[in-house]
Amino acid sequence: MRNQDSGNATQSQVQSVDRAISVLELLARNGETGITEIAGELGVHKSTASRLLSVLETRGLVEQLGERGKYAIGFGIVRLAGAATGRMDLAKLGRASCLALADELGETVNIAIADDGVAINISQARGSAAITTQNWTGQRTPLHATSSGKILLAYMGETERKRVLKRKLEQYTPRTTVEPEELLAELDRVVEDGYAACYEELELGMHAVAVPIHGPSGEVVAAMSASGPSYRLSKQRVKQIVKPMIEAAEELSAQLGYFRD
């Protein structure tokens, strides 16, 4: 009986979410709409529609136009749309930066952002010397075992970083850092040095280095990385390419509206 009750509760929650999305789509399509029309469109009682609208209004996703008036899309939607637009702008602008840097370095260049405890690659370009044909765009990679991930972790809010490090960190190779205290010490060095490097931590035979990309307010919104085989992208060469990588990241940051004081 408990499992059945739990299943019914889950189904009801999913139905509520579906109805809430339908409300937003209706308002986006029709503009100002009264509760009677909304209830009719959803095929529910006015009291049910009223509860849905109340929750959406609390979240700023809809607003009531005057006392007991019609409803319209709220400014909370603008906030959500702005976040999505920012990512699309970063991917679009980052593509040109990736191509230019990959051409200069001869290595594969990626841009990654943090998303729910992992790094997601949103742009990639392969240099003339790149030996792999793997496309990392859209791929989710671990924060603790990649150079981009370490950049994102290093500049992440303390609460979110603690949440990530509370998880069991997977050891991808014998070189992967999985002890939280050791990783935190490394992240401090990343902030001090201005770049992060990974030597065979995600995949044996592969090295990578990454630098931060800043948003308009100075916050780190992404990481730009270069990766290649260990025999070519040696520790010495990593140090040599950090400067042009930082310059490319700063140029992209400026396009996003950030200028270093």
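Per an unreviewed UniProt entry, the chain is named Glycerol operon regulatory protein, and its organism is Amycolatopsis tolypomycina. In UniProt, the chain has this text filed under Function (unreviewed entry): "May be an activator protein for the gylABX operon."

This paragraph deals with the pairing of strand β3 (residues 108–115). Counted residue by residue, β3 has six buried out of eight residues, so it is predominantly covered. Note that β3 and strand β8 (residues 220–229) share five bridges and pair antiparallel. Within β8, the residue paired with A112 across the bridge is A223. Where β3 folds back onto strand β4 (residues 118–125) in an antiparallel hairpin, the turn is made up of two residues, including D116, whose phi is positive at roughly 55°.

This brings us to the side chain of S148. Along the chain, S148 turns up in helix α5 (residues 147–154). When residues no more than four places from it in sequence are discounted, the contact partners of S148 are A112, A210, A223 and S225.

Turning our attention to the environment of K70. By the secondary structure assignment, K70 is in the loop between β1 (62–64) and β2 (71–73). By relative accessible area, K70 is classed as partly exposed at 43%. When the C-alpha atoms of K70 and T36 are compared, they prove to be 9.5 Å apart, with 34 residues separating the residues in sequence. If we ignore the near neighbours within four places in the chain, the residues touching K70 are E32, T33, G34, E63, Q64 and L65.

Across the eight residues that make up β4, a large majority, eight, are buried. Note that β4 and strand β5 (residues 140–142) share three bridges and pair antiparallel. From the neighbouring strand, V118 faces β5, where its bridge partner is P142.

What follows covers the pattern of salt bridges. The tally for this structure, following the rule as stated, stands at nine salt bridges. The shortest N-O distance in the salt bridge between E107 and R237 comes to 2.8 Å. In this pair, E107 is assigned in the loop between α4 (76–105) and β3 and R237 in helix α8 (residues 235–255), connecting sequence segments 130 residues apart. Here K162 ties to E158 by a salt bridge, and the two come within 3.3 Å at their closest N and O atoms. Here E158 and K162 lie together in helix α6 (residues 158–165), a separation of four residues that amounts to about one turn. Salt bridges here are not isolated pairs; linked through shared partners, they connect E107, R232 and R237.

To continue, consider the sheet that holds β4. Taken in spatial order, the six strands of this open sheet run β5-β4-β3-β8-β7-β6, and their pairing is antiparallel. Among the strands making up the open sheet, the edge pair consists of β5 and β6 (196–199). Taken pair by pair, the neighbouring strands of this sheet meet at an average axis angle of 35°, ignoring direction. Across the face of the sheet, α5 comes into contact with β3, β4, β5, β6, β7 (206–214) and β8 while running at roughly 155° to β8. On the sheet, α8 packs against β3, β6, β7 and β8 and is oriented at approximately 25° with respect to β7.

The rules behind the values
Residues numbered from 1 in each chain as written. Predicted model: local features only at pLDDT ≥ 70, side-chain atom pairs only at ≥ 80, totals over all residues. Heavy atoms only, no water. UniProt positions renumbered as here; feature names shortened; annotations may be inferred. Buried < 20%, exposed > 50% of the residue type's maximum accessible area, 1.4 Å probe, protein only. Helix = DSSP H or I, 4+ residues; strand = E, 2+ residues; numbered from the N terminus. Pairing = 2+ DSSP bridges. Contact = heavy atoms within 4.5 Å. Salt bridge = Lys/Arg side-chain N within 4 Å of Asp/Glu carboxyl O. Axes fitted to C-alpha atoms, helices over the stretch in contact; angles between N-to-C directions.

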